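Each chain, written out:
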Amino acid sequence: MPMTIKIYIVYYSMYGHVERLAEEIKKGVDSVSGVEAFLWQVPETLPKEVLIKMNVPPRSEVPTIQPRQLVEADALIFGFPTRYGMMAAQFKAFMDATGGLWKEQALAGKPAGLFYSTGSQGGGQETTPLTAITQLVHHGLVYVPIGYTFGAGMFEMNEVKGGGPYGAGTFAGDGTRQPSELELQQAYHQGRYTALIAKKMNGAS
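Given the structure is predicted, the values throughout are model-derived calculations rather than measurements. (Residues numbered from 1 in each chain as written. Predicted model: local features only at pLDDT ≥ 70, side-chain atom pairs only at ≥ 80, totals over all residues. Heavy atoms only, no water.)

Peer 1: Could you clarify how one ought to interpret the environment of Arg59 in this entry?
Peer 2: Note on placement: Arg59 falls in the loop between helix H2 (48–53) and strand E3 (75–83). Given a relative accessible area of 33%, Arg59 falls into the partly exposed group. The spacing of Arg59 and Ser13 is 46 residues in sequence and 8.5 Å in space, taken between C-alpha atoms. Once you skip the residues sitting within four places of it in the chain, Arg59 turns out to touch Tyr12, Gln41, Val42, Pro43, Glu44 and Thr64. Engagement of the side chain of Arg59 in a polar contact is seen with the backbone oxygen of Val42, the distance being 2.9 Å. (Helix = DSSP H or I, 4+ residues; strand = E, 2+ residues; numbered from the N terminus. Buried < 20%, exposed > 50% of the residue type's maximum accessible area, 1.4 Å probe, protein only. Contact = heavy atoms within 4.5 Å. Polar contact = N/O pair within 3.5 Å; in protein donor to acceptor, adjacent residues only side chain to side chain.)

See below:
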């Protein structure tokens, strides 16, 4: 019986923008035969009283992952909002907790992608994935950018669109803007593309 390739989509989402991209990425992964996606959230680090003051909605029912569980996946796709041009502290704290896996190089050789959300067009659509790549490198993960495989959607100039060759992305603005249809299409594409690459790397046809 053919082996099912597991892709873990691991993310942090405070107001739901990254989670919406994650859901679409999962659809893309699941569209590839022999590959299955699983959604995971990283632990929250802020106290409940702080989250209330920030008007953060309750977390979804997507389960919380612990670092050791990353080993179970054949491929990984990490998502997070930006904070000053870099990944949010909650996701960085999760990566900081993977020291044991780094020591063992337990994740080395696994394909991994990135997706992200920023508040504005100059808020980190390139610097966020660029600075996140260091996390992949130290673990020996094989970075899988989408390049320009999304086709014409990569060159859209008539509407605001997040994301790029590094991975899918969106703009949150003041928080009221949700991922556009084009951004969701790119997220779906990233999921499907990464799944196809994972199949090749795992020797599946």
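Next comes the rest of the account.
Peer 1: Looking at this structure, I do not really get the pairing of strand E2 (residues 35–41). What am I missing?
Peer 2: Residues in a regular strand project their side chains so that they alternate between the two faces of the sheet. Counting buried residues along E2, five of its seven residues qualify, which places the element largely inside the surrounding structure. For strand E1 (residues 5–11) and E2, the ladder comprises seven bridges, and the chain directions are parallel. Each residue of the ladder has a partner; that of Lys6, found in E2, is Glu36. (Pairing = 2+ DSSP bridges.)

Peer 1: Please clarify how the packing of aromatic side chains should be interpreted in this entry.
Peer 2: Geometrically, a pair of aromatic rings is defined through the distance of the ring centres and the angle of the planes. Within the structure shown, the criterion is met by six aromatic pairs. A centroid spacing of 5.0 Å and a plane angle of 55° characterise the contact between Phe80 and Phe91, whose relative ring orientation is tilted. Remark: Phe91 occurs in helix H3 (residues 89–96) and Phe80 occurs in strand E3; sequence separation between them is eleven residues. Cluster of aromatic residues (ring-pair linked, three or more members): Phe78, Phe80, Phe91 and Phe94. (Phe/Tyr/Trp six-rings, centres within 6.5 Å; stacked < 30°, edge-to-face > 60°.)

Peer 1: What exactly am I supposed to notice about the pairing of strand E5 (residues 111–118) here?
Peer 2: Burial runs high along E5: eight of the eight residues are buried. Residues of E5 alternate between two faces, with Pro111, Gly113, Phe115 and Ser117 on one and Ala112, Leu114, Tyr116 and Thr118 on the opposite face, all of them buried. Where E5 lies against strand E6 (residues 142–143), two bridges are found, and the strand directions are parallel. Looking at the pairing, Ala112 lines up with Tyr143 of E6. With helix H5 (residues 127–139) bridging E5 and the parallel E6, this β-α-β connection has right-handed handedness. Sheet topology note: the E5/strand E7 (residues 169–171) ladder contains three bridges and is parallel. Looking at the pairing, Thr118 lines up with Phe171 of E7. (Right-handed = clockwise from strand over helix to strand, strands pointing away.)

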